[in-house]
Amino acid sequence: MPHWADRALVLALVGGAAWFIAHRAWQRLASVRATKTAGSCGHDNCGCKPPA
Amino acid sequence: MTRPTLRVALIGNPNCGKSTLFNALTGRRQKVANFPGVTVERVEGSYVHEGTTVSVLDLPGTYSLSPDAPDEVITYDVVHDRADGVAPVDVFVVVLDAENLERNLYLATEVLELGRPTVVVLNRVDRLPLAGMKVDVVELIHALGAIVVPTVATTQEGVERVRHCIARALDVPQSQLRNQGAVAEEYRAERRYEWIAAVMARTVTREAGTRTRPSDRVDAVLLHRVWGPLIFVAVMAIAFQALFLVATPLATVLQSALGSLSDVLRGLLPAGDFQSLLIDGVLGGVGSVVVFVPQIALLFLFIGALEDSGYLSRAAFVMDRFMRPLGLQGKSFIPLLSGYACAVPAIMATRTIPQTKERLATIMVVPLMSCSARLPVYALLISAFVPAVTIGHVITLQGLALLAMYLFGTVAALAAAAVFRRTLLRSDTRALIIEMPAYAKPTMRVLLTTVWQRVSVFLQRAGTVIFAISVILWAMGRYPQAGTPSAPVSEEAQLTQSALGQVGHAVEPLVRPLGLDWKIGVAMVASFAAREVFVSTMATMYGVPQHETVHTELAARLRDARAPGTGRPTYTRAAAFGLLAFYVFALMCTSTIAVTVRETGGGWQGARWASLQFSYMLVLAWGSAFVVYRIALALGAG
């Protein structure tokens, strides 16, 4: 295998892995941000009132 | 006229077999177990019956339509058509546990009074003869004014008839229970119980004499004040011993397969960076975690068997006595025990705890229970630093050490809960009311399904997150390259000068007081994403060749590592014990952090609780590692 092909394959795999980790981290952050702070979830501590 | 989709909701008391019926109806594999509170969120599935798509909602169990705990609120919202994102339900299916009919009828009457199309399923009728009971189904139909279908959901008996009745439910007259004088004051529990007692008298006959049921005789031992806790500890000890003894030969087979795979790759690819990336990075990293699949599978098999047998509720009852002084009740015990498998479902399981502060305290300490991801780290360090000595021909020192790790975690979780309940989360502790499900032989099909689901989650992580991290770590250890192709340098020198080496040296001051070096520091930093990454990072850094004994080889390399210059062991036994303590207490799992944020209120409020959880566990981990290291040194384990 030529040297450049070896390097290209490594670069593709490492780049892909880095993108995957960054993407997962971003998704996690977005899901935390999207969680509503109040609603009918039943927790006293999040402001909603469970039905009597 | 056929509808395009018929929407059905399964409602019933906890542990009456709703999820088993749901799986039987839809062919899905929703988790089922023999203890109350398995389903804590709504789950949806569907099937097609006579050309109509029937969409089925499996709801968390509830004893009444007056919700108490967060999981019960979900059911309440669906029944009253006020749940976000859920279209109004066309047909309710009320599932009754035939053996506990009287209690189950309370919720059934509440649902029937809504006057909406309802099918009543009398489940577990196969257990009636053993309980010395007979139920007159025709009389029950008359009393409730609704369709009643006897079933045994575990064997699919009567399930086709349930499908048929659901399809017809819209066309039959609805129950007139609302209009019957007996329950006119529908919110008066007393009147309702009187009415139920009258129905029971008409429909249920019991065998004369009060013979002791076999389960009562078993309970007399398992719930005994002295024997109960002792049996519980013995059961756990046997399980952890089995993890070491039974799983090791299976792990060796996996290691051998991975070794062959690396040989094939070596033959196929020319020597170079890409070959090294695949063999040392990917196979070394992912492979070192995958070899733990047998242990993980056994752990879940064991927990599944406990759940299915009906022992879990007994264990919760036995532990209630010990948990009460700490400010928790037995209901917190089931999430804590589930934490041995994985903290994520365990934190979800806290939804069955009605009291907010008890629930929050349980969430805060669940990650201290040693989850399956810690197992690879424990197993590696224990096999490297604890001698494989047998004590009294029964238990090995390594098995005992593993049990000790789980005990440390459990004790720490209980102690931390006591602190939370006396400080930030102070409130009265309510008495435990928990249902004792009937003992049952674990169903092999259900057990294997659960094991496969959990193992596939583990493998998914290995194939995605751990794969990606292994690739990055390999690159960081390989570049910048210290030598040239014509003048290569030693592996040690390359690693020291690499990006990974520089990170390691930066964190070394933090781990040096624990008797650890920069290499362990790198593995610890990397494992904040997921604990098992510790093992794969060490395998990558030590360039462990992939052959039959990759894992044994890594353990040997850690044991035999020598500090340059002095020739003394790099890792002393004391440092290894300290490191084990660190992994018992540290919260290193992004999934757990995310679920804590969600379950403690979400948004910034949830983020605050999650930050507190992460910080206190990190301080506890570092502090314990330091103390254990120092004590072990003083005792001569240097």
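What counts, and where the lines are drawn
- Residues numbered from 1 in each chain as written.
- Chains lettered and ligands numbered in written order.
- Predicted model: local features only at pLDDT ≥ 70, side-chain atom pairs only at ≥ 80, totals over all residues.
- Heavy atoms only, no water.
- Salt bridge = Lys/Arg side-chain N within 4 Å of Asp/Glu carboxyl O.
- Helix = DSSP H or I, 4+ residues; strand = E, 2+ residues; numbered from the N terminus.
- Buried < 20%, exposed > 50% of the residue type's maximum accessible area, 1.4 Å probe, protein only.
- Phe/Tyr/Trp six-rings, centres within 6.5 Å; stacked < 30°, edge-to-face > 60°.
- Lys NZ or Arg CZ within 6 Å of the ring centre and 35° of its normal.
- Axes fitted to C-alpha atoms, helices over the stretch in contact; angles between N-to-C directions.
- Parallel < 35°, antiparallel > 145°, perpendicular 65-115°, else oblique.
- Left-handed = near helix turned anticlockwise from the far one by under 90°.
- Contact = heavy atoms within 4.5 Å.
- Nonpolar A, V, L, I, M, F, W, Y, C, P; charged D, E, K, R; others polar.
- Expected span 1.5 Å × (residues − 1).
- Polar contact = N/O pair within 3.5 Å; in protein donor to acceptor, adjacent residues only side chain to side chain.

## A few points about the pattern of salt bridges
Pairing is possible between side chains that carry opposite charge, provided their charged atoms lie close to one another.
Residue and element names in this part refer to chain B.
Stage number 1. By the definition in use, this model includes 13 salt bridges over all chains.
Stage number 2. Salt-bridge contacts for Arg163 lead to Glu160; the nearest nitrogen and oxygen are separated by 2.7 Å. Linking Arg163 with Glu160, this pair stays in helix H5 (residues 159-168), spanning three residues, or about one helical turn.
Stage number 3. Looking at Arg163, the relative accessible area reads 15%, which means it is buried.
Stage number 4. Of the charged contacts in the structure, one is a salt bridge between Arg478 and Asp273, with a shortest N-O distance of 2.7 Å. Residue Arg478 is found in helix H17 (residues 444-478), and its partner Asp273 is found in helix H9 (residues 273-290); the two are separated by 205 residues along the sequence.
Stage number 5. We classify Arg478 as partly exposed; its relative accessible area is 26%.

## Brief notes about the packing of aromatic side chains
Residue and element names in this part refer to chain B.
Stage number 1. As enumerated under the stated definition, the model contains nine aromatic pairs over all chains in all.
Stage number 2. Ring centres of Tyr378 and Tyr406 lie 6.0 Å apart, and the angle between their planes is 75°; this geometry places the pair in the edge-to-face category. Of the two residues, Tyr378 is situated in helix H15 (residues 374-385) and Tyr406 in helix H16 (residues 397-422); the sequence distance between them amounts to 28 residues.
Stage number 3. Tyr406 sits in the buried class, given a relative accessible area of 1%.
Stage number 4. In this structure an aromatic cluster arises from ring pairing among Tyr340, Tyr378 and Tyr406.
Stage number 5. The cationic tip of Arg163 hangs over the ring face of Tyr47; the distance from NZ or CZ to the ring centre is 5.2 Å.

## Re the packing of helix H3 (residues 101-112) of chain B against helix H6 (residues 189-203) of chain B
Residue and element names in this part refer to chain B.
Stage number 1. It is the contact of H3 with H6, at a shortest axis distance of 10 Å, that shows an interaxial angle of 120°. Relative to H6, the element H3 lies oblique. Of the two elements, H3 crosses H6, and the hand of that crossing is right-handed. For the pair formed by H3 and H6, the contact residues are Leu101, Glu102, Leu105, Tyr106, Thr109 and Glu110 on the first element and Ala189, Arg192, Tyr193, Trp195, Ile196, Ala197, Val199 and Met200 on the second.
Stage number 2. Its residues assigned to classes, the contact of H3 with H6 comprises 10 nonpolar, one polar and three charged.

## Considerations on helix H23 (residues 573-585) of chain B
All names here are of chain B.
Stage number 1. The end-to-end C-alpha distance of H23 is 19 Å, a good match for the 18 Å that 13 residues give at a rise of 1.5 Å each.
Stage number 2. Taken across its 13 residues, H23 has 11 buried, putting it largely inside the fold.
Stage number 3. Within H23 the residues assigned to the buried category are Ala574, Ala575, Ala576, Gly578, Leu579, Leu580, Ala581, Phe582, Tyr583, Val584 and Phe585.
Stage number 4. Turning to H23, the residues buried within the fold contact H15, H16, helix H20 (518-526), helix H21 (533-541) and helix H25 (603-634).

## Description of the side chain of B:Ser527
All names here are of chain B.
Stage number 1. Looking at the element boundaries, Ser527 is found in the loop between H20 and H21.
Stage number 2. Reaching out from Ser527, the side chain makes a polar contact with the backbone oxygen of Met524 at a distance of 2.9 Å.
Stage number 3. Side-chain polar atoms of Ser527 contact the side chain of Tyr583, separated by 2.7 Å.
Stage number 4. With residues up to four places along the chain from it excluded, the contact list for Ser527 reads Val533, Phe534, Tyr583 and Met588.

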